[in-house]
Amino acid sequence: MKKILLVCTLVGGLISGAFAQNPTRGGRTERTPEQRAEQKTKHMQESLALSNDQYQKVLAINLEQEKKREESRKEQREKMAANRDQIKANHEAMLKSYESVLTPEQMTKLKEEGRRRRAELKDKYKGRKKE
């Protein structure tokens, strides 16, 4: 009985390890706009009993929509990256301003407190991050 349990555990571990190697995003594979449009259209064909002519027209509509969504997502990622760059530049300017007022010991302490706070936040939100 113990051997069977051990074998099942090993097989389960190997299978889950194989799935862990699959490149995914948020637990699902990243698909192209064409793949998403085709999947959506196939689902509609099954649920709505579309004719071949309707299928082709709906596929074209879904493909156009998915390409628009992809472009929108790309623009959003670019805006977020630009925003991150701006925040970083503002932070660096703020630190330079502090350097003109604070002593070197105070600057060291300020930077150390910042590192500590970042570490605390990283620990706090460690399991919540989406990929």
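Undergrad: Requested: an account of the overall build of the chain, with residues and values cited.
TA: A count of helical and extended segments in the chain gives four helices and zero strands. Taken from the N to the C terminus, the helices and strands of the chain come in the order α-α-α-α. A burial count over the chain gives 8% of its 131 residues as buried. Taking as baseline every contact in the chain between residues at least 6 positions apart, the subset at least 24 positions apart corresponds to 36%. Here the chain has roughly 11,800 Å² of accessible surface; of this, 56% comes from carbon and sulfur atoms.

Undergrad: Give a description of the confidence of the model for the chain that names residues and reports values.
TA: Taken residue by residue, the chain gives an average pLDDT of 85. The fraction at 70 or more is 77%. For the chain, helix α1 (residues 2-20) is the element with the lowest average pLDDT, namely 62, and helix α3 (residues 52-99) is the one with the highest, namely 94.

Undergrad: So what about α3? Which residues, and what values?
TA: The end-to-end C-alpha distance of α3 is 70 Å, a good match for the 70 Å that 48 residues give at a rise of 1.5 Å each. Every buried residue of α3 is accounted for by Tyr55, Val58, Asn62 and Glu66. Summarising the contacts, the buried residues of α3 are in contact with α2 (33-48).

Cut-offs used in this document
- Residues numbered from 1 in each chain as written.
- Predicted model: local features only at pLDDT ≥ 70, side-chain atom pairs only at ≥ 80, totals over all residues.
- Heavy atoms only, no water.
- Helix = DSSP H or I, 4+ residues; strand = E, 2+ residues; numbered from the N terminus.
- Buried < 20%, exposed > 50% of the residue type's maximum accessible area, 1.4 Å probe, protein only.
- Contact = heavy atoms within 4.5 Å.
- Areas by Shrake-Rupley, 256 points an atom, 1.4 Å probe, with all protein chains shown as cover.
- pLDDT = per-residue confidence, 0-100.
- Expected span 1.5 Å × (residues − 1).

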